[in-house]
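A look at the structure
Letter by letter, the chains look like this.
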Amino acid sequence: MIPVTKPFMPPQEAYNKHVTAIWKRQWLTNNGPCVNELELSLKEKLNLDHLLFVTNGTIALQLAIQALALEGEIITTPFSYVATTSSIVWEHCIPIYADINSNTLNIDPESIEKCITDKTTAIIATHVYGIPCDIEAIEGIAKKYKLKVIYDAAHAIGSCYKGQSLLSYGDIATMSTHATKLFHTIEGGAIVTRDPDLLKRLAFMRNFGHDGPGKFNGVGINGKNSEFHAAMGLCNLPYLDQIIAKRKKDSQQYDDWLIDKGLIRPELPEGTEYNYSYYPILFKNEEECLKIKSELEKNEINPRRYFYPSLNHLPYLKKQDTPVCDDISKRVLCLPLYYDITKGEIDLICRLIIRSLKY
Ligand SMILES: *Cc1c(COP(=O)(O)O)cnc(C)c1O
C-alpha cells in the first residue's frame, strides 16, 4: 500500500539517547530542557525572534485568537484543514469566508475586502500546502481596516517569501508539528510572533496563566508539550533540509510525468522558496478527479482529497458562497509524497494516472 503520507523516522539511537537523558532527569514536561532546546533550535533554523512550542497546531490557533482578544467576525479561507475554521468557532467568533485565488489556492485579498463589516476583527489565512498567501495585500488591508492577521502556517515550515520564513509574517503565525507534517514532533505545534508583549501573554496562557506558583496573570489553558515530543523534534530537525530536498526531487519527477498531460499545478508567487510539503494536482473536473482516485485505490495507492469538502459546507455553519473554492476543492487531489517514497513508486502512480486519463 502506498499512503498519501508517512512520518519521517529519525535514527532510533538518536531518540533513545534523549530518552535515557529524560529518564535520568525525571523531568518529563513543564518547559524542560528538550522543549527549551527545540524552541531555540527552531528559532535559529528559521531565523525567528520568538517561538513557543505547544500541544498541537489547533491549540496554537486557539491561543493566538485568545491572545489577540478577538471577537465578532474573522475572515478566513474555506480552503484549509477544518482546524482553521473550528478554532474560530471554538473561540466563539464567526468565520466569514473570503474566496480563494484559483492559481495559488490561497485566500483572495479582493474577496477579503468585500467581506469586511464593522464586526470584523481579524483575518486568519492559511499558507495552503506551504504556498505563501498574498502577504503584502493582506498586510495592506489589515492596516487600512485595523485588523489583526493570524497565519495558519501549519504547512509552511521551510517555505520562505522574500528570503524570510513564512512563519515570520502576521501578528501571529501558528505551526503544526503533527506526524503527518513535513517536520514533526509526533503531536505538537508552535506559535510565532515578533511582538515581545504578545509573546509574554502567550507564554502565560500556555501554562494556565501561572506567574509563579501562587500568582496568575490572566486566564490560561494547558498548552504545554512534553519532553518526549520535543525530543522527537530535536532528532528530526537536523534532517529538515534533506527532507525538503528529497521532496523537491520527487515533486519534479511527478511534474516531468504529469504537467504536459493537461493537469494543473498551483502557482507559486514570485519570491517563494518552496518546501514541497504536498503534491496537489488539479484535474479538469470532479468526474476525472474521482476516476483517477478510484483507479489508484484499486492499485492500493491512496491519494487524498485535500481539501474537500470546502469548509463553507461545514454542517455547523450558515451557508456562504465561495464558488472558486467549491470548484477547486472538487477537483484537487494530493498525490503520495513522503521521505521514503521511491522513484519506482512515483513512476507507477504516474503511469496509472496517464493510462486512466486516456479512457
Ligand atoms: C494539521 C493542520 C492543523 C492542525 O494541526 P494539529 O497539530 O493537527 O492540531 C491546522 N491547520 C492546518 C492547515 C493543518 O493542516
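Conventions and cut-offs
- Residues numbered from 1 in each chain as written.
- Predicted model: local features only at pLDDT ≥ 70, side-chain atom pairs only at ≥ 80, totals over all residues.
- Heavy atoms only, no water.
- UniProt positions renumbered as here; feature names shortened; annotations may be inferred.
- Helix = DSSP H or I, 4+ residues; strand = E, 2+ residues; numbered from the N terminus.
- Buried < 20%, exposed > 50% of the residue type's maximum accessible area, 1.4 Å probe, protein only.
- Contact = heavy atoms within 4.5 Å.
- Near = heavy atom within 4 Å.
- Polar contact = N/O pair within 3.5 Å; in protein donor to acceptor, adjacent residues only side chain to side chain.
- Areas by Shrake-Rupley, 256 points an atom, 1.4 Å probe, with all protein chains shown as cover.
- Nonpolar A, V, L, I, M, F, W, Y, C, P; charged D, E, K, R; others polar.
- Axes fitted to C-alpha atoms, helices over the stretch in contact; angles between N-to-C directions.
- Left-handed = near helix turned anticlockwise from the far one by under 90°.
- Pairing = 2+ DSSP bridges.
- Core = buried A, V, L, I, M, F, W, Y, C linked by side-chain atoms within 4.5 Å.
- Domains from an automatic or database assignment.
- Parallel < 35°, antiparallel > 145°, perpendicular 65-115°, else oblique.
- Buried area = accessible area lost by both parts, 1.4 Å probe.
- Salt bridge = Lys/Arg side-chain N within 4 Å of Asp/Glu carboxyl O.

Some remarks on the UniProt feature "active site" (unreviewed entry) in the protein
The UniProt record annotates "active site" (unreviewed entry) at Lys181. Assignment of secondary structure puts Lys181 in the loop between β8 (172-176) and β9 (189-193). Of the residues examined, Lys181 reaches a relative accessible area of 17% and is grouped as buried. Setting aside chain neighbours within four positions, we find Lys181 in contact with Ala154, His155, Ser176 and Tyr278.

A closer look at the site of the ligand
Around the ligand, 15 residues are found, and the nearest of them are Thr58, Asp152, His155, Ser176 and Lys181. Take Ser176: an N or O atom from its side chain is 2.7 Å from an oxygen atom of the ligand. Here an oxygen atom of the ligand and a side-chain polar atom of Lys181 are 3.2 Å apart. Taken by itself the ligand offers 380 Å² of open surface, and the protein chains cover 92% of this. Only α3 (57-67) and α4 (82-90) provide two or more residues apiece to the shell around the ligand. Split by residue class, the shell around the ligand holds three nonpolar, 10 polar and two charged.

With respect to the packing of helix α2 (residues 33-46) against helix α8 (residues 227-236)
Orientation of α2 relative to α8, taken along the N-to-C sense of each, is 35 degrees, at an axis distance of 8 Å. At the point where α2 passes α8, the crossing takes the left-handed sense. Across the interface between the two elements, Pro33, Cys34, Val35, Glu37, Leu38 and Ser41 of α2 pack against Glu227, Ala230, Ala231, Gly233 and Leu234 of α8. Split into classes, the residues belonging to the contact of α2 with α8 amount to seven nonpolar, two polar and two charged.

Structural notes on the sheet that holds strand β7 (residues 164-165)
Reading across the sheet, the three strands line up as β7-β6-β10 and stay open at both edges, with antiparallel pairing between neighbours. Edge positions in the open sheet fall to β7 and β10 (272-273), since each of these has one partner strand only.

Describing the nonpolar core
One finds Leu42, Phe79, Tyr129, Ile138, Tyr151 and Phe183 to be the most contacted residues of the largest nonpolar core, which totals 67 residues. The residues that make up this core include at least three from each of domain 1 (12-238) and domain 2 (239-358). Once you skip the residues sitting within four places of it in the chain, Tyr151 turns out to touch Ala125, His127, Cys133, Ile135, Ile138, Tyr169, Gly170, Ile172, Ala173 and Thr174. Formed by 23 residues, the second largest nonpolar core is a distinct cluster that contains Ala60, Ile65, Ile124 and Leu202.

Regarding unusual backbone geometry
Trans is the common state for peptide bonds, and a negative phi is the common state for residues other than glycine. Put simply, Tyr306 and Phe307 share a cis peptide bond, and its omega is 0 degrees. Mapped onto the elements of the fold, Phe307 is located in the loop between α10 (286-298) and α11 (323-330). The omega angle of the peptide bond from Tyr308 to Pro309 is -5 degrees, so this bond is cis rather than trans. Tracing the sequence through the fold places Pro309 in the loop between α10 and α11. Residues other than glycine seldom take positive phi values, yet Asn47 does so here, at roughly 60 degrees.

A short note on the packing of α3 against helix α7 (residues 196-206)
Contact pair α3 / α7: the axes reach a minimum separation of 10 Å and the direction vectors enclose 125 degrees. With respect to their mutual orientation, α3 and α7 come out oblique. With respect to the hand of their crossing, α3 and α7 are arranged in right-handed fashion. Between α3 and α7, the contacting residues are Leu63, Ala64, Gln66 and Ala67 on the first element and Leu198, Arg201, Leu202, Met205 and Arg206 on the second.

Let's talk about the side chain of Thr77
Mapped onto the secondary structure, Thr77 falls in the loop between β2 (73-76) and α4. The contact partners of Thr77, leaving out residues within four places of it in the chain, are Tyr97, Ala98, Ile100, Ile107, Ile124, Thr126 and Leu311.

What to know about the domain arrangement of the protein
With domains assigned, the protein is organised as domain 1 (12-238) and domain 2 (239-358). Domain 1 and domain 2 are separated by 25 Å when their C-alpha centres are compared. On the side of domain 2, 37 residues touch domain 1, which itself brings 40 residues to the contact. Across the interface of domain 1 and domain 2, roughly 3,300 Å² is buried in total on both sides, 66% from carbon and sulfur atoms. Considering only the surface of domain 1 that becomes buried against domain 2, Tyr97, Tyr129 and Leu182 emerge as the three largest contributors, covering 23% of it. Our count for the contact surface shared by domain 1 and domain 2 stands at one salt bridge. Lys45 serves as the salt-bridge partner of Asp241, at 2.9 Å between the closest nitrogen and oxygen. In this structure, the connection of domain 1 to domain 2 is made through 20 residue pairs in polar contact (both at pLDDT 80 or more). Listing elements by their share of the side of domain 1 that touches domain 2, those giving two or more residues are α4, β3 (94-97), β6 (160-161) and α8. Broken down by element, the residue count for the side of domain 1 that touches domain 2 peaks at four residues, all from α4.

Describing the side chain of Ser251
Relative to the helices and strands, Ser251 resides in helix α9 (residues 240-258). Side-chain polar atoms of Ser251 contact the backbone oxygen of Arg247, separated by 2.8 Å. Contact partners of Ser251, with chain neighbours within four places excluded, come to Tyr276, Tyr279 and Leu337.

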